[in-house]
Protein chains: 2
Amino acid sequence: MSTKGKLVVGQSGGPTAVINQSLVGVIQEAMKHESVGGILGMVHGVEGLLKEQFVDMRGLNAKQLEAVAATPGAGLGSCRFKPKEEDCKNIFEVCRKHDIHYYFYIGGNDSALSAGIVNKIARAAGYELRVFHVPKTIDNDLLVTDHCPGYGSAAKYVAQCFMGNDADNRALPGIKIDIVMGRNAGWLTAAAALARVNPGDGPHAVFLPERGYTLKQFLETVDAAYQKHGRAVIAVSEGIADTDSNTFMESEKVRAELKEMGMDAILDAFEASGKVEDLSGGAKRDAFGHIQLSGSGALADFLASATKIYLYKKYQKKARVRADTLGYAQRSMAGVVSETDALEAREAGVAATRIAMLGDIDGSVCFRRLESNFDKYFCEPFRASLEDVSGVNFPAGMKQYRPLDDRFIGGNDVDVTPEFIDWVRPLIGDLPPKGVIELPRKD
Amino acid sequence: MSTKGKLVVGQSGGPTAVINQSLVGVIQEAMKHESVGGILGMVHGVEGLLKEQFVDMRGLNAKQLEAVAATPGAGLGSCRFKPKEEDCKNIFEVCRKHDIHYYFYIGGNDSALSAGIVNKIARAAGYELRVFHVPKTIDNDLLVTDHCPGYGSAAKYVAQCFMGNDADNRALPGIKIDIVMGRNAGWLTAAAALARVNPGDGPHAVFLPERGYTLKQFLETVDAAYQKHGRAVIAVSEGIADTDSNTFMESEKVRAELKEMGMDAILDAFEASGKVEDLSGGAKRDAFGHIQLSGSGALADFLASATKIYLYKKYQKKARVRADTLGYAQRSMAGVVSETDALEAREAGVAATRIAMLGDIDGSVCFRRLESNFDKYFCEPFRASLEDVSGVNFPAGMKQYRPLDDRFIGGNDVDVTPEFIDWVRPLIGDLPPKGVIELPRKD
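Sequence positions are assigned chain by chain, starting from 1 and proceeding in written order. Written order determines the labels here, with chains lettered from A and ligands numbered from 1. Two thresholds apply to this predicted model, a pLDDT of at least 70 for residue-level local features and 80 or more for giving and counting side-chain atom pairs, whereas whole-chain, interface and lining totals are computed over all residues.

### Observations concerning helix α15 (residues 418–428) of chain B
Residue and element names in this part refer to chain B.
And step 1. Our exposure labels follow a C-beta count within 10 Å of each residue's own C-beta, placed from the backbone: buried means 20 or more other C-beta atoms, exposed means 12 or fewer, and partly exposed covers the counts in between. Here a helix means four or more residues in a row that DSSP labels H or I, a strand means two or more in a row labelled E, and each is numbered from the N terminus. Listed in full, the buried residues belonging to α15 are Phe420, Val424, Pro426, Leu427 and Ile428.
And step 2. Buried residues along α15 sit against α6 (151–171), α7 (187–190), α13 (339–358), β10 (363–372), β11 (377–384) and β13 (415–416).
And step 3. Just beyond α15, the residue with positive phi is Gly429, at close to 80 degrees. We call two residues in contact whenever the C-beta atoms placed from their backbones are within 7 Å.

### Thoughts on the packing of helix α8 (residues 215–229) of chain B against helix α11 (residues 298–315) of chain B
Helix-helix packing is described using two parameters, namely the angle between the two axes and the distance between the axes.
All names here are of chain B.
And step 1. α11 packs onto α8 with a crossing angle of 70 degrees between their chain directions and a minimal axis gap of 10 Å. Classified by the interaxial angle, the pair formed by α8 and α11 is roughly perpendicular. Considering the relative orientation of α8 and α11, their crossing is right-handed. In this structure, α8 contributes Leu215, Leu219, Val222 and Asp223 to the contact, and α11 contributes Ala306, Thr307, Tyr310 and Leu311.
And step 2. Of the residues contributing to the contact of α8 with α11, the split by class is six nonpolar, one polar and one charged. Interaxial angles span 0 to 180 degrees and are taken between N-to-C directions of axes, which are lines fitted to C-alpha atoms, for helices over the stretch in contact. Small angles under 35 degrees read as roughly parallel and large ones over 145 as roughly antiparallel, with 65 to 115 read as roughly perpendicular and the rest as oblique. For a crossing to be left-handed, the near helix must be turned anticlockwise from the far one by less than a right angle; the clockwise case is right-handed. Side-chain classes follow a simple rule in which Ala, Val, Leu, Ile, Met, Phe, Trp, Tyr, Cys and Pro form the nonpolar group, Asp, Glu, Lys and Arg form the charged group, and the remainder, Gly included, forms the polar group.

### Here we look at the packing of helix α1 (residues 19–30) of chain B against α13 of chain B
All names here are of chain B.
And step 1. It is the contact of α1 with α13, at a shortest axis distance of 7 Å, that shows an interaxial angle of 35 degrees. The hand of the α1/α13 crossing is right-handed. For the pair α1 and α13, the contacting residues are Ile19, Gln21, Ser22, Leu23, Val24, Gly25, Val26, Glu29 and Ala30 in the first and Ala342, Ala345, Arg346, Glu347, Ala348, Gly349, Val350, Ala352, Thr353 and Arg354 in the second.
And step 2. Per-class residue counts for the contact of α1 with α13 are ten nonpolar, five polar and four charged.

### Overview of the relation of the copies chain B and chain A
The operation relating the two chain copies consists of a rotation about an axis and a shift along that axis.
And step 1. In the superposition of chain B on chain A (RMSD 0.0 Å, axial shift 0.0 Å), the rotation amounts to 180 degrees. What we have between these two chains is a two-fold relation. Among all residues of chain B, the one whose C-alpha sits closest to the rotation axis is Gly297 of chain B, at a distance of 2.2 Å.
And step 2. When the interface residues of chain B are mapped onto chain A, 100% of them again fall at the interface, so both copies present the same face. All copies are superposed by least squares; the fitting set is the C-alpha atoms of residues with a pLDDT of at least 70 in both.

### Some thoughts on unusual backbone geometry
Residue and element names in this part refer to chain A.
And step 1. The omega angle of the peptide bond from Gly202 to Pro203 is 5 degrees, so this bond is cis rather than trans.
And step 2. Locating Pro203 in the fold gives a position in the loop between α7 (187–190) and β7 (205–207).
And step 3. Its identity is not glycine, yet Arg183 carries a phi of approximately 50 degrees, on the positive side.
And step 4. Within the secondary structure layout, Arg183 lies in the loop between β6 (175–180) and α7.

### Topic: the confidence of the model for chain A
And step 1. Across the chain, each position has a pLDDT score giving the predictor's confidence in that residue, from 0 to 100. For chain A, the average pLDDT comes to 93, and 96% of its residues sit at 70 or higher.
And step 2. For this predicted complex, the interface confidence reaches an ipTM of 0.95, while the overall pTM sits at 0.96.

### Thoughts on the sheet that holds strand β2 (residues 36–42) of chain A
Residues and elements named next belong to chain A.
And step 1. Here, a strand pair is defined by DSSP locating no fewer than two bridges between the strands. The strand order across the open sheet built from seven strands is β3-β2-β1-β4-β5-β10-β11, with neighbouring strands paired in mixed fashion. Pairing within the sheet leaves two strands with one partner each, and these edge strands are β3 (54–56) and β11 (377–384). Neighbouring strand axes in the sheet, compared pairwise and without regard to direction, differ in orientation by 30 degrees on average.
And step 2. Bridge count for strand β4 (residues 100–107) against strand β5 (residues 130–135) is six bridges, and the pairing is parallel. Residue pairing in the sheet places Tyr102 in a bridge with Arg130 of β5.
And step 3. Contacts from helix α5 (residues 109–124) reach β4, β5 and β10 (363–372) within the one sheet, and its direction differs from that of β5 by about 175 degrees.

### Considering the interface of chain B and chain A
And step 1. The interface is formed by 73 residues belonging to chain B together with 75 residues belonging to chain A.
And step 2. Those elements that provide at least two residues to the side of chain B that touches chain A are α3 (62–69), α6, α10 (264–278), α11, β9 (321–325) and α12 (329–332) of chain B.
And step 3. The element contributing the most residues to the side of chain B that touches chain A is α6 of chain B, with nine residues.
And step 4. Across the side of chain B that touches chain A, the residue classes tally to 37 nonpolar, 23 polar and 13 charged.

### Some thoughts on the pairing of strand β8 (residues 232–237) of chain B
Residue and element names in this part refer to chain B.
And step 1. Most of β8 sits inside the fold, with six of its six residues counted as buried.
And step 2. Neither face of β8 is left uncovered, since the one carrying Ala232, Ile234 and Val236 and the one carrying Val233, Ala235 and Ser237 both have all their residues buried.
And step 3. One ladder, built from six bridges, connects strand β6 (residues 175–180) with β8; its direction is parallel. Its bridge partner being in β8, Val180 is matched across the sheet by Ser237.
And step 4. Across three bridges, the pairing between strand β7 (residues 205–207) and β8 is parallel. By the bridge assignment for β8, Val206 is matched with Ala235.

### Some thoughts on the nonpolar core
And step 1. By convention the nonpolar core is taken to be a set of buried residues drawn from Ala, Val, Leu, Ile, Met, Phe, Trp, Tyr and Cys and joined through C-beta atoms within 7 Å. Within the largest apolar cluster, 306 residues are counted, with the highest numbers of intra-cluster contacts made by Val158 of chain A together with Val158 of chain B.
And step 2. Beyond its immediate chain neighbours, meaning those up to four positions away, Val158 of chain A contacts Val180, Leu188, Ala191, Ala192, Leu326 and Gln330 of chain A.

In structure tokens:
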């Protein structure tokens, strides 16, 4: 029934804790179909494909495949390459040369976009290439689907991290700021709220990239939480932005606020750090041509410094302020995996392959939630078009990704709603216990 | 047999994932002894005791106690207070006033030291106060004992984090530098080596505070690993120091090297950051009066910048260098706990209490390793004197903490020995699987 031909599968973008589950899902399902003449893995995504670098996936036995599936990171190697139209033509030519008729690309929205272009080129050439995008992202910012494989495990990491940070902050009270990944989508930052178990638990404020803030609003919110609880745990998206949607690190408004508040020294530190970057091939400049403060801990250190200065000026007392940038562990911590996420990631790979075997069809695998409460949760995979998932046909100005839903943002825009907790909880599974001894406030 | 009187228990210093196990161990054992007239918890350690702030621990039922035991952070609250002789007198007076005859302090070496002083004062006053130190530290730097409760869970976190970071780095090759806690002891940084499962796995170099390095040696080591593997994962202790034992961030030698290598811009960035700190009550100065680069990500960003500049100058090509400071999750991540560590932390609390009930005796609980291999491991608790554990009677110049053993340092001082892996493995327990697909090198 199906076309006899080879299958190729690749991985792209930032890895997740379960992206290899999807890879193994594709391979295991593909092995069941006689029409699949060979199973090739792209080495480092389309970058490897363009160089005709492949791994024969039939060379791995079931035990090896299961070990790979349980390992974070992209087992086939990943890439940050965003192919242009010309590259997509070359991708197609490599497929034709190697008699590849099934093409699976596990990645985020950029991957859906390029898969769509390759697909169009193949169609125009009258070559049957069944192109499937298999979604993965810890940012959870893909269109159409209820949620993305990779998100649940990252959200679990963030939740456990905040549970621990909150317990730590109770023990040694002060202000703790944690920067969470997610670019311009707040899904992962929002998951910090899962850390709340007992009354007074942090995070005491959640700053999401979907809302615009002034620096003053940030500082006042932190201060208010600190005054209220005698301590404060604050979740901040790495994409925190001003009221014009410019991120804090490239905001002219935040610069103006720093000057107004007598914190020019922070701007000087930005400039000095930028000059360091220049020595290694050029510093990043923001939209206004200013040097951006770079480095992994930059936003965390900036917010911690501004908070310390603000509180010292206001109360003439040094405050204990600490900040962590949660780092790569969010997307690749070994051993912290949501079971539901792992199962769904596997299912996404299996479903894409099954659908591709049905006929000359292309698409992306999405999830539809049929039932959802803590005891009973069920999602089914379904096929969506590559165009819909990549948002390629959206009118100009419309977002080609999915921000955190409005209904999930509450608490004067610095918190999530109970509805969000109900939505996210089944994706995470069980969290560790959190027992608290009620203590008098320490001031 | 025992003196009738109240028991007080407190927690001090940086929390760990299992410090509450020790707390619950003390309480559960104390409840079995009729001679214990009451069980008081110090609120935020001796700071609370001095203010006579106590929690009645009998108010918590078994279920609540178990929930607290399983929670990271110090449930009673902690403090960073290092009591002076005068404070210790006051601590004793509060004990006498409240009819406290059993005194348990869960903490690091400072806690052993202050417990010893309180003990002496009580003896001089002819008041029977049985003083026990219960060890906890993720740094594992206590004297006498084989290892400390708290270390195993932190080491497990570090190992899993490096497993994931290594998988991530395989997927997107570049240089990844991770800064690990441990102050001037390298035990926790050394645990990163547990992440190696398959050939070529990182970390590819481990920089320990027990050895002195030049900045040039650091950069050359990173470069060599990068050239050899086409990628590099580097573990660096937060206490990385020069050949005079001054940490990199306060080293005159490193400053001189930066100038020599044309990286003065990094020194300027130090100065600019220091001026930011001045606005919040004063910047930290190093031993030479220079402003120290502060902030959570400072060392990571500094090493990443120096590496980028070094490689750009050498190869005229921008390198992908990322750095994470592993952060507070190392000591307080919820859900990442070594079972062995949790059991031993409980046992330490139980053992201290049991021994204290035997007679008028004081001390600290240590562990002696009787058997150790992967299948069979057994440690027994024993009593050591407060003086021996705190190192208070050591001759001047001798270290009052335990650095990583020489026999555990190898690989030209930038790695651990196989002997270390054998030593540490039973403390961690099982690690998640790590499956790898062999890929051609990406350059």
